[in-house]
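# Residue-level structural notes
Each chain is listed here by its residues.
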There are 2 protein chains.
Amino acid sequence: MHSLRVDLGQRSYPIHIGTGILADPALFAPILNKGPVAIVTDDNVAPLYLETLQQTLKALHKAPLVITLPAGEASKSLDNIQEITGLLLNAGYGRDCTLCALGGGVVGDIAGFAAAVYQRGVSYIQVPTTLLAMVDSSVGGKTGVNHPLGKNMIGAFYQPRAVIADTDTLDSLPDREFRSGLAEVIKYGLINDQGFFSWLEDHMDAVLARAADALVKVIGHSCKDKAEVVARDELEGGLRAILNLGHTFGHAIEAATGYGRYLHGEAVAIGMVMAADLSRRLDLIRESEQNRIYALIKGAGLPTLAPALPPADYLRFMRVDKKAESGQVRFILLRGIGSAVITGDVPPAAVLQTLQAFMEYDHA
Amino acid sequence: MHSLRVDLGQRSYPIHIGTGILADPALFAPILNKGPVAIVTDDNVAPLYLETLQQTLKALHKAPLVITLPAGEASKSLDNIQEITGLLLNAGYGRDCTLCALGGGVVGDIAGFAAAVYQRGVSYIQVPTTLLAMVDSSVGGKTGVNHPLGKNMIGAFYQPRAVIADTDTLDSLPDREFRSGLAEVIKYGLINDQGFFSWLEDHMDAVLARAADALVKVIGHSCKDKAEVVARDELEGGLRAILNLGHTFGHAIEAATGYGRYLHGEAVAIGMVMAADLSRRLDLIRESEQNRIYALIKGAGLPTLAPALPPADYLRFMRVDKKAESGQVRFILLRGIGSAVITGDVPPAAVLQTLQAFMEYDHA
């Protein structure tokens, strides 16, 4: 088992990564609050891993309440926050309870937000079962639900008590979702870690084959990179925004296509290709660097083209994205592989050229 | 104008109390974020003070978006959080916006919670227009909405950027609501400040006549007392619970009567009478002290008897109250006037005797 720590003063917490650790009561014992436990999961994950987690908790005399949501992004709604809190209230759960988020990013986001707001905040543990959740959403305390007018527009920064990433749960992950998670992994190399980016270039075959040692390396390294950024800027006052490389374009792609057509990581992959293109147009990176980025994303089996829509549609969703301040869209761009920069000062014509250069219509 | 500070490190903020300060742009200029401003208010308050606040903001070139909710506790719902955030999204408001909560406790709670969760947190200012909101809910960062199964069960600790309490807005406050606010004022004397309690005994006539100097004294002193407790325990880990004197009984009275029959302060007043009675039964205070407490609450024109209902009804709501941990009801009791104690160790028989002693049926 590999363990590391997210350093946030009183809100610090450990991340444990390993094989079969979901079945280890000794790992859970020190991170449960003194009250009862509830598991929040979805109907894809429940048949696979719920029984294991339940047994682990029962071994600690914490027979859990189980709350199973329909799988999918549509579950990230305020209605489900009302539903979850109602079930906790009916069960008489007080402030000393613990929620366990067992599942992917959707479950982690909504369970974390339920924990943030139930009785003004209770303890919760992230138990991610997808690569994307392990390397991204379970670390850093971003929680929330969607508003009909925008994704993640209602939420909170609320740190978990611990993250338990059992790599065995990735065995059941469909290939498309696995590759979607790799988009965020590649992102850490791009923004922060040239060495890790090169390692990924050299070892992508082992990663795609899900070799055990490659998985621990990928997850551990990604969590460490993210934890370092989060520790320096918990509330996204500045630096943390570099984690959104590819997300300004990516969110616009997800929103403009009505969510669901692209997995989050797929949209981010296209967004990173666009961010690299925009960076090259602004002479921040060389064409050879842009080509390496394109090649690694392509080599991970990720998409690199956005669907053909009027550019105005994308631009509208980019303006309402929460990275925008008063209508000014901020972009995360690259100054090189391993170095990101945040800027609001991008010529609209360049953004338009990038959008048009990476739309399916032009390349079909 | 009287000013004081809530000391919470990076989250510290000023409280300004005075006559006509709602019309002072210079007071608002340093506490607005750089983005646009939205006012959240209700349809009772809007006709009275909205125009003044709008003019003040317009003088600062911040023409505000106005969101007016129906007056009343029913507005504290997740549905209205969805509504408010939708209006902010439609207006294109980013993370650099500021919300102003113009109204009583309901407006402050829901606007504060909307600020806590909109895009994971934006800045907000409390502009309380009731005595209760000025001395209690606007200070300390408790925000939230109700769940059909329990009051304030969904919320967050989220501090405002400032509190602006214009005593002129109390001119329009109905007598019953003014007295309801006095319940919380009396509470501060009881839990923390014997001298203030004695001052209230000597000056209740001036307070009830709403003499300007008496109002500033009452509000300033209450805010100072509350700010001190909050500064020592922001997240209600322990000490802060003493602010809930009278609230365990009070919330049960509000819940058992379906909310609306009693104003919050009225229920707290009855709850404080009960807490004093329970304290005397447990030999924590003398009968003479209980009598002084009863007399001051009665003298403020507040109710002292709960409606006749089966005690089991009250006990059920006390158990689900969020001050309960795993079914153990914690009581805030008195060891004397000016000294509170938190305990979970209260004989159920004594609680039952107190409930029966202060029910209308027995005294009608």
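Residues numbered from 1 in each chain as written. Chains lettered and ligands numbered in written order. Predicted model: local features only at pLDDT ≥ 70, side-chain atom pairs only at ≥ 80, totals over all residues. Heavy atoms only, no water.

### Some remarks on helix 6 (residues 175–192) of chain A
- Taking 1.5 Å of rise per residue, 18 residues should cover 26 Å, and helix 6 of chain A covers 26 Å from first to last C-alpha, within 8% of that figure.
- For helix 6 of chain A, a buried count of 13 out of 18 residues is recorded, marking the element as mostly surrounded by other parts of the structure. (Helix = DSSP H or I, 4+ residues; strand = E, 2+ residues; numbered from the N terminus. Expected span 1.5 Å × (residues − 1). Buried < 20%, exposed > 50% of the residue type's maximum accessible area, 1.4 Å probe, protein only.)

### Some remarks on the packing of aromatic side chains
- Enumeration according to the criterion identifies six aromatic pairs over all chains in this entry.
- Their ring planes at 10 degrees and their centres at 5.8 Å tell us that A:Tyr124 and A:Tyr158 sit as a pair that is stacked. Here A:Tyr124, found in strand 6 (residues 123–128), pairs with A:Tyr158, found in the loop between strand 8 (150–157) and strand 9 (162–166); they are 34 residues apart in sequence, far enough to count as distant.
- The exposure class assigned to A:Tyr158 is partly exposed, which follows from its relative accessible area of 22%.
- The ring of A:Phe157 has B:Arg120 sitting right over it, with the charged end atom 6.0 Å from the ring centre.
- Residue placement shows B:Arg316 over the ring face of B:Phe317; its charged tip is 4.8 Å from the ring centre. (Phe/Tyr/Trp six-rings, centres within 6.5 Å; stacked < 30°, edge-to-face > 60°. Lys NZ or Arg CZ within 6 Å of the ring centre and 35° of its normal.)

### What about the relation of the copies chain B and chain A?
- Turning chain B through 180 degrees and shifting it by 0.0 Å along the axis lays it on chain A, with an RMSD of 0.0 Å. As the rotation angle and translation indicate, the two copies are arranged about a two-fold axis. Every residue of chain B has its C-alpha some distance from the rotation axis, and the shortest such distance is that of B:Leu78, at 3.5 Å.
- Most of the interface of chain B is mirrored in chain A: 100% of its interface residues are interface residues there too. (Least-squares fit on C-alpha atoms with pLDDT ≥ 70 in both. Contact = heavy atoms within 4.5 Å.)

### Looking at the domain arrangement of chain A
Residues and elements named next belong to chain A.
- If you check the domain split of chain A, you get domain 1 (2–172) and domain 2 (175–363).
- On the domain 2 side, the residues contacting the 29 residues of domain 1 number 33 residues.
- Counting the surface lost from both domain 1 and domain 2, the interface buries some 2600 Å², and carbon and sulfur atoms represent 66% of this.
- Looking only at domain 1, the three residues that lose the most surface to domain 2 are Leu131, Val135 and Lys151, adding up to 24% of its buried area.
- At the boundary of domain 1 and domain 2, one finds three salt bridges.
- A salt bridge links Asp136 to Lys226, with the nearest nitrogen and oxygen atoms 2.7 Å apart. (Domains from an automatic or database assignment. Buried area = accessible area lost by both parts, 1.4 Å probe. Salt bridge = Lys/Arg side-chain N within 4 Å of Asp/Glu carboxyl O.)

### Description of the packing of helix 10 (residues 264–281) of chain A against helix 11 (residues 287–299) of chain A
Residue and element names in this part refer to chain A.
- Where helix 10 contacts helix 11, the two axes come as close as 9 Å, and the packing angle between them is 175 degrees. Taken together, the axes of helix 10 and helix 11 lie roughly antiparallel to each other. Mapping the contact onto sequence places Ala269, Met272, Val273, Ala276, Asp277 and Arg280 in helix 10 and Glu287, Gln290, Ile293, Tyr294 and Ile297 in helix 11.
- Split by residue class, the contact of helix 10 with helix 11 holds seven nonpolar, one polar and three charged. (Axes fitted to C-alpha atoms, helices over the stretch in contact; angles between N-to-C directions. Parallel < 35°, antiparallel > 145°, perpendicular 65-115°, else oblique. Nonpolar A, V, L, I, M, F, W, Y, C, P; charged D, E, K, R; others polar.)

### A closer look at helix 9 (residues 247–256) of chain A
All names here are of chain A.
- Among the 10 residues of helix 9, nine are classified as buried, and the element is accordingly described as predominantly covered.
- The set of residues buried in helix 9 consists of His247, Thr248, Phe249, Gly250, His251, Ala252, Ile253, Glu254 and Ala255.
- Gly258, located one to two residues past helix 9, shows a positive phi value of around 80 degrees.

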